[in-house]
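Read off the chains here:
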Amino acid sequence: MTSERRCQKDWYSILESSPSDGLQELKQKYQRLALMYHPDKQGPDVTVTEAEEHLHRFIEVDQAWKVLGNQETKRAYDLQLRASELNQSWPVDARVCLDDMTWDDDNKVYTYGCRCGGEFSIGREEAEGEEAIVCCDTCSLSIEVKTTT
């Protein structure tokens, strides 16, 4: 299984755990779920459909433990999760055309006032693409700056 494939599933939710859980907590959750879904532990009143679902769940729990139960693979998985979080796009509070921004010749940047009283600033090089995300210099708001073609 490739590391890219591993990152597609949320192994923590499969083990009903979180990244802050220690190895012992992960092991206890794994053991509880493995016993719950193990094919040999199913009662006689379980339907074929339920048995297949339990088997699928058991396999997922086992795969999650193989990733999270090993320090190296857990560390690699956590890094992949963190990287994917950082690659997510910023929440955009407004969309602004570059033409609506003011050119500040002294600082060589385009500026746009924020509702908090702060300012959004973008350099000429950054503004050369089709769009850019710019954060306010005072608060946590961000805007998407679109250049006109």
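Refer to the structure above for everything that follows.
Residues numbered from 1 in each chain as written. Predicted model: local features only at pLDDT ≥ 70, side-chain atom pairs only at ≥ 80, totals over all residues. Heavy atoms only, no water.

Visitor: What's the story with the packing of helix α3 (residues 23–37) against helix α4 (residues 48–68) in this structure? I'm lost.
Guide: Helix-helix packing: each pair is described by the crossing angle between the helix axes and the interaxial distance. Direction vectors running N to C along α3 and α4 enclose 160 degrees, while the axes themselves pass 9 Å from each other. Taken together, the axes of α3 and α4 lie roughly antiparallel to each other. Considering only the axes of α3 and α4, their crossing is left-handed. Within the contact between the two elements, α3 uses L23, L26, K27, Y30, L33, A34 and Y37 and α4 uses H54, L55, R57, F58, V61, D62, W65 and L68. Here the residues of the contact of α3 with α4 sort into 11 nonpolar, 1 polar and 3 charged. (Axes fitted to C-alpha atoms, helices over the stretch in contact; angles between N-to-C directions. Helix = DSSP H or I, 4+ residues; strand = E, 2+ residues; numbered from the N terminus. Parallel < 35°, antiparallel > 145°, perpendicular 65-115°, else oblique. Left-handed = near helix turned anticlockwise from the far one by under 90°. Contact = heavy atoms within 4.5 Å. Nonpolar A, V, L, I, M, F, W, Y, C, P; charged D, E, K, R; others polar.)

Visitor: Please clarify how the pairing of strand β3 (residues 109–113) should be interpreted in this entry.
Guide: Looking along a regular strand, one sees the side chains alternate between the two faces of the sheet. Relative to β3, strand β2 (residues 102–104) is paired through 3 bridges, and the arrangement is antiparallel. Looking at β3, one finds that D104 is bridged to V109. Taking the residues that link successive antiparallel strands as the turn, the β2-β3 hairpin has 4 residues, and the phi of K108 there is positive, at about 60 degrees. Taken together, the 5 bridges between β3 and strand β4 (residues 119–123) define a ladder with antiparallel strand orientation. Looking at β4, one finds that Y110 is bridged to I122. The turn linking β3 back onto β4 is made up of 5 residues, and G117 within it adopts a positive phi angle of 100 degrees. (Pairing = 2+ DSSP bridges.)

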